[in-house]
Amino acid sequence: MNIRIAAIGLLASALVACSNDDGSDSSAPGVDAASLCVSSSCGEREVLLQIPSAENLHFTADGRLFVSSGTGFFEIVRDTEGTFRNIPAYEGTACGFTGIASRNAPEGEYLYVACGDGTLWGGAIGEPTMLHPIFQIEGMCIANGMTMGADGNLYVVDEPLNFCVPDPKIVRIRLDGADPLHVVGQEVWVQGSPLGQLHLNLDNVLRFPNGLQADGDRFYGTDGGTIYAVDLQPDGSAGEVQPLYFEVAIHDDLGLVPGGILATDFGLGRIFLLSREGELLQETDRGLFSFPSSVRLGRPPMFAADDILVTETGVLTDNNLPIDYLSVFRRR
């Protein structure tokens with residue numbers, strides 16, 4: 001997507017009736033940051049299938065896997081012979097699909113995916129799952145990372161790296177408590193720097209926000225070379241942006257594990273593991289992945305609970321080269 005063409009060129013209350021599952025944490029006992037292998041010295045990468053312009057991935061509570069890309073939105077299934085396939089999970093014309101989130105309701109689980117142009121798609125998870133447009137988010141340069149908050153609302157990152165007036169921010173999409181596919185409004189939750197200038201040091205202003213995940217009332221995100229946290233306050237407002245980790249890099253989407261943060265280094269082709277306080281714990285070799293764009297801990301039944309799934313975007317805007325993958329990194 002052109003969000004990174006520019007980057008590389010330049011460089012509240014909880015809903016009583018609902019519980020939310022962002023799909024990023026494993027529920028398996030004993031799987032946490034201390035037990036994972038996120039180093040080339042103990043693990044290896046395996047390509048599962050090619051997905052042109054693979055962008056993001058999301059596990060549902062029962063382990064179903066969905067992947068967004070510049071060419072479609074898909075559910076990933078495995079046949080009896082162990083071969084992985086992607087099945088379209090949307091109705092209508094494909095767009096540049098980006099962030100994915102889900103929400104549990106009494107009548108079932110609902111899935112949401114954003115498009116770079118701000119179109120929000122949604123639908124019930126069924127057999128098959130088919131999402132359709134439900135809302136147009138206003139004022140977005142590029143709608144990118146997305147997560148479900150503990151308050152039952154969606155939070156969507158607006159990334160400024162495009163041909164637009166830079167306005168980095170996190171937008172809250174308020175969902176109807178009685179109808180998960182009805183949006184009742186939107187507002188800016190975190191306002192970044194309107195200038196979008198480069199930052200090469202730690203501060204508390206968003207400039208190039210990209211990935212976003214939530215664990216309870218705490219959100220974790222990427223912003224250029226920074227990984228940060230921001231809290232949902234009791235009154236629904238955002239606390240101060242708290243930088244946790246910085247390096248000169250382009251960090252794409254991230255995933256949460258008990259006691260840690262999995263993150264991608266898009267430019268240098270590696271994934272790495274941080275503590276929740278921002279200490280670098282492990283990292284793979286550089287160049288192991290082809291421009292990794294998202295990372296999540298695996299879920300049974302298709303994957304072991306300590307498998308690490310990675311989307312690899314490959315060469316941006318080129319969907320013909322065979323280097324756009326969904327892959328898994330696991331202990332040897």
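Since we're looking at a predicted model, the values are computed, not measured. (Residues numbered from 1 in each chain as written. Predicted model: local features only at pLDDT ≥ 70, side-chain atom pairs only at ≥ 80, totals over all residues. Heavy atoms only, no water.)

The step from Glu127 to Pro128 runs through a cis peptide bond, and the omega angle for that step is 0 degrees. A cis geometry characterises the amide bond from Pro300 onward to Pro301, with omega recorded as 10 degrees. With respect to the helices, strands and loops of the structure, Pro301 is situated in the loop between β22 (292-297) and β23 (308-312). Residue Ser53 is not a glycine yet carries a positive backbone phi of 55 degrees. Examined against the element boundaries, Ser53 turns out to sit in the loop between β1 (43-50) and β2 (54-59). Residue classification places Ser53 among the buried residues on the basis of a relative accessible area of 10%. (Helix = DSSP H or I, 4+ residues; strand = E, 2+ residues; numbered from the N terminus. Buried < 20%, exposed > 50% of the residue type's maximum accessible area, 1.4 Å probe, protein only.)

In this section: the sheet that holds strand β20 (residues 270-275). As summarised here, the arrangement of the four strands in space is β18-β19-β20-β21, forming an open sheet in which the pairing is antiparallel. What marks the edges here is a single partner per strand, and that holds for β18 (251-257) and β21 (280-283). Averaged over all neighbouring strand pairs, the angle between strand axes comes to 25 degrees, with direction disregarded. One ladder, built from six bridges, connects strand β19 (residues 260-265) with β20; its direction is antiparallel. Residue pairing across strands places Ile261 opposite Leu274, the latter belonging to β20. (Pairing = 2+ DSSP bridges. Axes fitted to C-alpha atoms, helices over the stretch in contact; angles between N-to-C directions.)

One pass over the structure, following the stated rule, counts 13 aromatic pairs. Taken together, a centroid distance of 5.9 Å and an interplanar angle of 45 degrees make the contact between Phe73 and Phe97 tilted. Here the residue Phe73 occupies a position in strand β4 (residues 72-78), and Phe97 occupies one in strand β6 (residues 97-105), the gap between them amounting to 24 residues. For the pair Phe73 and Phe97, a shared accessibility class is recorded, and that class is buried. When the centroid spacing of 6.1 Å and the interplanar angle of 80 degrees are considered together, the rings of Tyr90 and Trp121 count as edge-to-face. A residue pair is termed long-range when its members are at least 10 positions apart, and Tyr90 in the loop between β5 (84-88) and β6 and Trp121 in strand β8 (residues 119-124) qualify at 31 residues. Through pairs of rings, three or more aromatic residues link up here, namely Phe66, Phe73, Tyr90, Phe97 and Trp121. (Phe/Tyr/Trp six-rings, centres within 6.5 Å; stacked < 30°, edge-to-face > 60°.)

Let us now look at the side chain of Ser293. As for its placement among the helices and strands, Ser293 is situated in strand β22. Here Ser293 falls in the buried class, since its relative accessible area comes to 0%. A distance of 3.0 Å separates a polar atom in the side chain of Ser293 from the backbone oxygen of Glu55. Looking at Ser293, its side chain comes within polar contact range of the side chain of Thr311, at 2.8 Å. (Polar contact = N/O pair within 3.5 Å; in protein donor to acceptor, adjacent residues only side chain to side chain.)

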